[in-house]
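# Results of the structural survey
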Amino acid sequence: MFTTRPAVRRRALVAPGTAVTLALVLVACGSSGESSSMPGMDHGATAATSPAATGSPSKDSPSKGHVPGMDHMAGGDGLASAEDGYRLGSPNATLAAGERTAYRFTVTGPDAKPVTAFALDQTKRMHFYAIRTDLTGFQHLHPTMAADGTWTADLSALAPGSWRMFASFTPDGGGKGTAFVLSRAVTVPGTEKRTPLPAAAARARVDGYTVTVQGEPMAGISHPLTVTVTKDGRPVTTLQPYLDTYAHLTAFHEGDTAFAHLHPTTRVDGDHGGPRLAFDAELPTAGNWRLFLQFRAGGELHTAALTLKVG
C-alpha cells in the first residue's frame, strides 16, 4: 500500500506571513524527454555513475498504490545559504552565459564537514533548481555526488542576469531527518533582457496537452486544487509516474524568488494517472508566484509554467 521512507520531520514551507491557498492559471511552457528543448528551460536528470557516488537510485518508479502527499516539506523560504548548522557552499559565484556549464557545491553539516549521506526524497537524494530573478530559465536537475561530498549540477545554457541556485535535501542520520532547502545567488555576465511575468490564463496547452486548474485563491485557508489533463479533447488516463508522483510542482515568488515545493495527493498506481490530479496546496505570502508543473506522458516529460496571483 504505502512505500516505506525515512521519517522526515515535516515543517511547513512557509515564509513569515499568512499562508494562502492555490488557485492556478496556466501559461504554457512545453518540453520533451528528460531535458527541455525550449531555450532557457531544462528539467532533466543527470545520469548517475553509481548509486553510492551520486545519491540517486536506479529507478524513478514508485511502489504501486503509493500516495505521495507532501512528505518532503522544508522549513523557511529557501533564500538562506545556511540553516540549523547546515550550509550550502560553492566556488561558483559567476557562470558563463550561453553554454552548458557545471555548478559545483557542497553541503556541510554542524561539524563543518561535507555531508555525504542523504535520505531519499521522491527517489532522489538531491533536487537542484535554477531560476533567474525574472522567474525564467527554470531548471530542475538531479546532480551527481563525488566521494568527497562535492555535487555537480550540469546546467543548460544560462541567459545573462541574476540567478538563484537551490538545493533541496534531507541529511540521512539513520533515523528521523529534517528536510532543507538552501540557496545561493549566481551572476551570469552579459546584457540582461528581462521577461515580464506572463498574464494569467484559465488553461494552457503543453506539447499538445491541455491543462486546466480548478480552485480559487483564499488567503489563510488550505484549499484543495484539481488539475485536469486532456489531449484532443479527451481525458488523459495514462500519466506515468515521475519522481514518485504523477506531477511535480515547484513555485517561486516574484520579487525575491522565494521557494515552495508542493506535491499532489493522488494515489500512484502504475501508468494510470489522470485525468484529474488532486493537490492540498498552500503558498506563503501574497503576490505573484510562478509555478512549474512537471508530468510524464507518452514517455516524455512535459512542463507547464503556472502564473498565480495570491491576495
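Below: a short report on this structure. Counting from 1, residues in each chain are numbered in the order their sequence is written. In view of the model being predicted, local features appear only for residues whose pLDDT reaches at least 70, and side-chain atom pairs are presented and counted only at 80 or more, with totals across whole chains, interfaces and linings using the full set of residues. Processing note: side-chain calculations cover all non-hydrogen atoms of the structure and skip hydrogens and water entirely.

## Details of the packing of aromatic side chains
For clarity, the threshold we go by: A pair of Phe, Tyr and Trp rings is counted when the ring centres sit within 6.5 Å of each other, with Trp represented by its six-membered ring. The angle between the planes then sorts it: under 30 degrees is stacked, over 60 is edge-to-face, the rest tilted. Secondary structure elements follow DSSP: runs of H or I of four or more residues count as helices, runs of E of two or more count as strands, with numbering from the N terminus. Burial classification: accessible surface area is computed with a 1.4 Å probe over protein chains only, and a residue below 20% of its type maximum counts as buried, one above 50% as exposed, and the rest as partly exposed.
According to the stated counting rule, one finds 17 aromatic pairs in the structure shown. Note on Y86 and F180: the rings are 4.9 Å apart at their centroids and 40° apart in plane angle, and the pair reads as tilted. Of this pair, Y86 sits in strand 5 (residues 86-89) while F180 sits in strand 13 (residues 180-188), placing them 94 residues apart in sequence. The burial state of Y86 is the same as that of F180; both residues are buried. Summarising the aromatic geometry, the rings of Y129 and F259 are spaced 5.2 Å apart at their centres and angled 55° between planes, so their arrangement reads as tilted. You can see Y129 sitting in strand 7 (residues 127-132) and its partner F259 sitting in strand 19 (residues 259-262), a full 130 residues away along the chain. Note on accessibility: Y129 and F259 belong to one class, buried.

## A look at the sheet that holds strand 7
Short version of the rule: Two strands are said to pair when DSSP picks up at least two bridges between them. To obtain each axis, a line is fitted to C-alpha atoms, and for helices this fit is confined to the stretch in contact; angles are then taken between N-to-C directions over 0 to 180 degrees.
Reading across from one edge, 8-7-11-13 is the order of the 4 strands in this open sheet, with antiparallel pairing throughout. The open sheet terminates on both sides in strands that have one partner only, identified here as strand 8 (139-141) and strand 13. Within the sheet, the average angular offset between the axes of one strand and its neighbour, ignoring direction, is 20°. Pairing geometry for strand 11 (residues 161-169) and strand 13, over 9 bridges, is antiparallel. Bridge pairing in strand 13 places M165 opposite R184.

## A word on the environment of V213
One can find V213 in strand 15 (residues 209-214). Linking V213 and V227, residues 14 residues apart in sequence, is a C-alpha distance of 4.6 Å.

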